[in-house]
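Structural overview
Chain by chain, the residues:
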Amino acid sequence: TLSIADLTLDIAAIAKEWMDALNQDGPKMVERIRHYLAEDFVFCCPGDSKTVPFVGQWHGAVGLQQFFDIYFSIFQRIP
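Residues numbered from 1 in each chain as written. Predicted model: local features only at pLDDT ≥ 70, side-chain atom pairs only at ≥ 80, totals over all residues. Heavy atoms only, no water.

1. What to know about the environment of Phe-43
The topology assignment puts Phe-43 in strand E1 (residues 42-45). In this structure Phe-43 comes out as partly exposed when scored by relative accessible area, which is 27%. C-alpha separation for the pair Phe-43 and Trp-58, spaced 15 residues apart in sequence, amounts to 5.0 Å. (Helix = DSSP H or I, 4+ residues; strand = E, 2+ residues; numbered from the N terminus. Buried < 20%, exposed > 50% of the residue type's maximum accessible area, 1.4 Å probe, protein only.)

Below you can see the structure in the form of structure tokens.
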């Protein structure tokens, strides 16, 4: 049987899960949050692609992982 909880989203819990994944897995967090991404998910990073290597549209979980790989090869996240 379905409950109301099955049909609603807890945005705060989802945000916490994303941040926990980022804190624990860093740029390899995509596998942990993949179940939240639609198959046709597109991540857009605006800017000038001639000067910023991670600017563009990144498609699906594979694209998001490619974005993170490039982004975190340039920037280091300090928890």
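2. Some details on the confidence of the model for the protein
Segments scoring low in pLDDT should not have their predicted coordinates read at a detailed level. Mean pLDDT over the protein works out to 91, with 99% of the residues at or above the 70 mark. Highest mean pLDDT in the protein belongs to strand E2 (residues 56-59) (97); lowest belongs to helix H1 (residues 4-7) (76). (pLDDT = per-residue confidence, 0-100.)

3. Concerning the environment of Cys-44
Here Cys-44 lies in strand E1. Judged by relative accessible area, which is 46%, Cys-44 ranks as partly exposed. Once residues lying within four places of it in the same chain are set aside, the contact partners of Cys-44 are Gly-56 and Gln-57. (Contact = heavy atoms within 4.5 Å.)

4. As for helix H2 (residues 11-25)
With 15 residues, H2 extends 21 Å between its outermost C-alpha atoms, agreeing within 8% with the 21 Å of an ideal straight helix rising 1.5 Å per residue. In this fold, the buried residues of H2 make contact with helix H3 (30-33) and helix H4 (60-74). Positive phi shows up at Gly-26, right after H2, with a value of about 55°. (Expected span 1.5 Å × (residues − 1).)

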